[in-house]
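The residues making up each chain are set out below.
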Amino acid sequence: MKNFYPYLLVFLQMGSLFYIALTASVISNNSAGMLVEATGIFLAIHAIYVVKVRNVNITPTVKKGSELVTIGPYSIIRHPMYIAQLIAVIPLIIDYFSWYRLLAFAVLLITLLVKIQYEEKQLVSHFPSYRDYKKTTHKLIPFIY
């Protein structure tokens, strides 16, 4: 069950994102929405660049040989790739609203929050300095959460 759980979380996350992408346009229908979407995409690309692709892991587990990254967006928030997904999807939910798409967003949000809890337990046990890092950063939203 321990090895299955991370994959279940990824399945829920990707399933939510695919549902949102397949049920309406993936481009906001207004300038403000496109700007928010672009911000999310830029943050995701920047976070992947900073952490280096070899450190990226779709499951909430620590890859062998990975390093703790605390620069760039990681100096402010611990999970910039997760918040980037939410930022990019919010305009799509608003612009092409349906209760099913809102439910998919809720599943995505809850799944990411659960992934964070699971992942941070792994990181604390793998990186001794992660506890101190947690004291100086926020999980998802700078200066708030």
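A brief structural summary. (Residues numbered from 1 in each chain as written. Predicted model: local features only at pLDDT ≥ 70, side-chain atom pairs only at ≥ 80, totals over all residues. Heavy atoms only, no water.)

1. A closer look at the layout of surface pockets
Part 1: Estimates place the volume of the largest pocket at around 900 Å³.
Part 2: As for the largest pocket, its lining consists of 41 residues, of which Ile 48, Val 56, Met 81, Tyr 82 and Gln 85 are closest to the centre.
Part 3: Those elements that place two or more of their residues in the lining of the largest pocket are α1 (4–22), α2 (31–51), α3 (80–95), α4 (99–126) and α5 (130–136).
Part 4: With eight residues, α3 is the single largest residue contributor to the lining of the largest pocket.
Part 5: Here the lining of the largest pocket is composed, by residue class, of 26 nonpolar, nine polar and six charged. (1 Å grid on protein atoms, 1.4 Å probe; cavity = no way out; pocket = protein on both sides within 12 Å on 5 of 7 lines; lining within 4 Å. Points joined across faces, edges and corners; volume = space filled by probe spheres on them. Helix = DSSP H or I, 4+ residues; strand = E, 2+ residues; numbered from the N terminus. Nonpolar A, V, L, I, M, F, W, Y, C, P; charged D, E, K, R; others polar.)

2. Considerations on the nonpolar core
Part 1: In this structure, Ile 20, Ile 83, Leu 86, Val 89 and Phe 105 are the most contacted members of the largest nonpolar core, which totals 17 residues.
Part 2: Of the residues forming this core, the biggest block, seven residues, is contributed by α3.
Part 3: For Phe 105, the contacting residues outside a window of four places in its chain are Ile 20, Leu 86, Val 89, Ile 90 and Ile 93.
Part 4: Within the second largest apolar cluster, 10 residues are counted, among which are Tyr 74, Val 124, Tyr 130 and Tyr 133. (Core = buried A, V, L, I, M, F, W, Y, C linked by side-chain atoms within 4.5 Å. Buried < 20%, exposed > 50% of the residue type's maximum accessible area, 1.4 Å probe, protein only. Contact = heavy atoms within 4.5 Å.)

3. Some details on the packing of α3 against α4
Part 1: At their nearest, the axes of α3 and α4 sit 11 Å apart, and the two run at 175 degrees to each other. Comparing their axes, α4 and α3 come out roughly antiparallel. Here α3 contributes Tyr 82, Gln 85, Leu 86, Val 89, Ile 90, Leu 92 and Ile 93 to the contact with α4, which in turn contributes Arg 101, Leu 102, Phe 105, Leu 108, Leu 109, Leu 112, Lys 115, Ile 116 and Glu 119.
Part 2: A class-by-class count of the residues in the contact of α3 with α4 yields 12 nonpolar, one polar and three charged. (Axes fitted to C-alpha atoms, helices over the stretch in contact; angles between N-to-C directions. Parallel < 35°, antiparallel > 145°, perpendicular 65-115°, else oblique.)

4. Considering a nonpolar patch on the surface
Part 1: Residues Phe 4, Leu 8, Phe 11, Leu 12, Leu 103 and Val 107 make up a contiguous nonpolar surface patch of roughly 540 Å² in combined accessible area.
Part 2: Looking at the nonpolar patch, the elements with two or more residues in it are α1 and α4.
Part 3: Residue placement: Leu 8 occurs in helix α1.
Part 4: Judged by its relative accessible area of 30%, Leu 8 falls in the partly exposed class. (Patch = residues over 30% accessible without salt bridge, like charges linked within 9 Å, V, L, I, M, F, W, Y side chains within 5 Å. Areas by Shrake-Rupley, 256 points an atom, 1.4 Å probe, with all protein chains shown as cover. Salt bridge = Lys/Arg side-chain N within 4 Å of Asp/Glu carboxyl O.)

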